[in-house]
Amino acid sequence: MKKILSIIALSIAFIGGANAVVVQKIYLKNGSVLSGYIQKQDGKGNLTFHSDNAEICIKSKDATISNERNYNIKDLNDAWVKWAEKNEEFEGVGDNRTIFLADVATKTKHVSKVKILERGTIVKYLEMTPNVYNIAWKDVNYIKGEKRSKTALSGINRKYQLKSGMEFEGQYAEENDSTLSLYMNNGVRHSFKINDVIKYVFLPINPNQDIFAQSELLDVVKAKNGNEVRGIIIEQNYSSNKDSENYFLIQQESGAIQSIKVSEISETRKEENPKFDPKYDILLKSGEVVINRQEAKVLKVKEERENSSSTVSTTISSSKKMQTTTHL
């Protein structure tokens, strides 16, 4: 159960929805790539994945393509517009721009307004609307998380404790059925064998901000007796060979910490966190100046005096046009 449950707590994503910024991708063995987050997983290795967008691969004999036509920009959602503009897929100009989309049907599903990316032996298409997929862990190739923005002042780090006693802290990077990896502070990835990790600790990176403001999603741990604990998983402990002695620690919004044995867990799922409040910094290049996070310019001014003159630097806010003069 350790391998299955580790994926739950290590999955990362921003709040779901039409405008979500996804930082987790699940790569399937059939070539499909889903962007979103693992919404639910049970102890049998079954995943429910909430996707914001996805590239889906299907054998041609199992797919029927229909309703191929041009769609006007006015008939598209924001996700499609942004993708088409970024990838130069529009034809025409202004409000008359169009993109060629289609419908794809299988025995179990019908999707509309998708972009056909490949035909032939397989059909590969891109969908830009939220969807839910039920996946077996055996069909997963690997799960990947993107690096946190350099300007991020909020977020959750992972600390892995190994059987050897060594500890490593960093951002979640990737996971497959046998290995884990973290982005370390120097940007280099460090990989570990899953069976060598006996404890996972989840730490907020900003000491001045509550953990609930730094976590994109909430964890809901459901016990076999039907009881649920809602909060943020802050530790998974697998130091024993027996699931009855291993446990999860879940911090609740009240500050209370609930412990639940791994042997008592039936499933774990994710929910959107309405209190997520990310903070960001600004990275400046040499010579750049900001005032109250607004761009400012440095100009040279000449100060006239009765017997002498001197040149000083002054900073002028480009947004408020306010001048600060330095006197010598």
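Asker: Just to check I follow, could you spell out the overall build of the chain for this structure?
Answerer: Scanning the chain for helices and strands turns up 3 helices and 22 strands. The burial tally for the chain puts 44% of its 328 residues in the buried class. As displayed, the chain has an accessible area near 18200 Å², and 46% of this comes from carbon and sulfur atoms.

Asker: Hey, could you run me through the pattern of salt bridges in this one?
Answerer: Side chains that differ in sign of charge can pair as their charged atoms come close. Tallied over the full model, the rule gives 15 salt bridges. Among the ionic pairs, Glu85 bridges to Arg97, the shortest N-O distance being 3.2 Å. With a gap of 12 residues between them, Glu85 in helix α2 (residues 78–86) and Arg97 in the loop between α2 and β5 (98–105) connect regions that are remote in the sequence. Classification of Glu85 as partly exposed rests on a relative accessible area of 41%. Notably, a salt bridge pairs Arg269 with Glu267, separated by 3.8 Å at the nearest N-O pair. The pair Arg269 / Glu267 is uniform in exposure class, with both members buried.

Asker: Quick question: what am I supposed to make of the environment of Arg189 here?
Answerer: Following the sequence through the fold, Arg189 ends up in strand β13 (residues 189–193). For Arg189, a relative accessible area of 39% translates into the label partly exposed. A C-alpha to C-alpha distance of 9.4 Å links Arg189 and Tyr172, two positions 17 residues apart in sequence. Those residues in contact with Arg189 that lie beyond four places of it in its chain are Ala173, Glu174, Ser181, Leu182 and Tyr183.

Asker: What am I meant to see in α2 here?
Answerer: Three- or four-residue spacings in an α-helix give side chains the same orientation, since the helix completes a turn every 3.6 residues. Looking at α2, one finds that the buried residues are Ala79, Trp80, Val81, Trp83 and Ala84. Buried residues along α2 sit against β5, β6 (110–118) and β7 (122–127). For α2, the N-terminal cap is Asn77; the gap from its side-chain oxygen to the backbone nitrogen of Ala79 is 3.2 Å.

Asker: Sorry if this is basic, but what is going on with the nonpolar core here?
Answerer: Within soluble globular proteins, side chains that are nonpolar generally end up buried alongside one another. Counting residues in hydrophobic clusters, the biggest one holds 50 residues, and the most contacted among them are Ile26, Tyr125, Ile135 and Phe248. Counting residues per element, this core draws most heavily on strand β3 (residues 46–59), at 5 residues. Sequence-distant contacts of Ile135, defined by excluding residues within four places in its chain, comprise Ile26, Leu28, Leu34, Gly45, Asn46, Leu47, Phe49 and Val140. Formed by 13 residues, the second largest nonpolar core is a distinct cluster that contains Tyr71, Leu76, Val81 and Ile99.

Asker: Just checking my understanding: could you explain the packing of aromatic side chains for this structure?
Answerer: Centre-to-centre distance and the angle between the planes together describe a pair of aromatic rings. If you walk through the whole model with that rule in mind, you get 7 aromatic pairs. Ring centres of Trp80 and Trp83 lie 5.5 Å apart, and the angle between their planes is 85 degrees; on these two criteria the pair is classed as edge-to-face. Of this pair, Trp80 and Trp83 both sit in helix α2, 3 residues apart, roughly one helical turn. Taken individually, Trp80 and Trp83 each receive the classification buried, so the pair is uniform in this respect. One aromatic cluster is present, built from ring pairs that chain together Tyr160, Phe168, Phe192, Tyr200, Tyr238 and Phe248.

Asker: Help me understand the environment of Lys199, please; the structure alone is not making it clear to me.
Answerer: Here Lys199 is to be found in strand β14 (residues 197–204). Separated by 39 residues in sequence, Lys199 and Tyr160 have C-alpha atoms that sit 5.9 Å apart. Leave out the neighbours within four places in its chain, and Lys199 touches Lys159, Tyr160, Gln161, Glu235, Gln236 and Asn237.

Asker: For this particular structure, what's the right way to read the pairing of strand β16 (residues 228–237)?
Answerer: Note on strand geometry: in a regular strand, side chains alternate between the two faces of the sheet. Counting buried positions along β16 gives 8 out of 10 residues, so the element sits mostly inside the fold. Relative to β16, β14 is paired through 3 bridges, and the arrangement is antiparallel. Opposite Lys199, over in β16, you have Asn237 as the bridge partner. Note: strand β15 (residues 217–223) against β16, 4 bridges, orientation antiparallel. Along β16, the bridge assignment pairs Lys222 with Glu228. Between the end of β15 and the start of β16, which pair antiparallel, lie 4 residues, with Gly226 showing a positive phi angle near 95 degrees. Sheet topology note: the β16/strand β17 (residues 247–251) ladder contains 5 bridges and is antiparallel. When the bridges of β17 are listed, Asn237 appears paired with Tyr247.

Asker: Would you mind showing me how to read the side chain of Asn237 here?
Answerer: Of note, Asn237 is situated in strand β16. A distance of 3.2 Å separates a polar atom in the side chain of Asn237 from a polar atom in the side chain of Glu235. Looking at Asn237, its side chain comes within polar contact range of the side chain of Ser239, at 2.8 Å. Ignoring any residue separated from it by four or fewer positions in sequence, one finds Asn237 in contact with Ile198, Lys199, Asn246 and Tyr247.

What counts, and at which threshold
- Residues numbered from 1 in each chain as written.
- Predicted model: local features only at pLDDT ≥ 70, side-chain atom pairs only at ≥ 80, totals over all residues.
- Heavy atoms only, no water.
- Helix = DSSP H or I, 4+ residues; strand = E, 2+ residues; numbered from the N terminus.
- Buried < 20%, exposed > 50% of the residue type's maximum accessible area, 1.4 Å probe, protein only.
- Areas by Shrake-Rupley, 256 points an atom, 1.4 Å probe, with all protein chains shown as cover.
- Salt bridge = Lys/Arg side-chain N within 4 Å of Asp/Glu carboxyl O.
- Contact = heavy atoms within 4.5 Å.
- Polar contact = N/O pair within 3.5 Å; in protein donor to acceptor, adjacent residues only side chain to side chain.
- Core = buried A, V, L, I, M, F, W, Y, C linked by side-chain atoms within 4.5 Å.
- Phe/Tyr/Trp six-rings, centres within 6.5 Å; stacked < 30°, edge-to-face > 60°.
- Pairing = 2+ DSSP bridges.

Interpretation in functional terms is not warranted from these geometric data alone.
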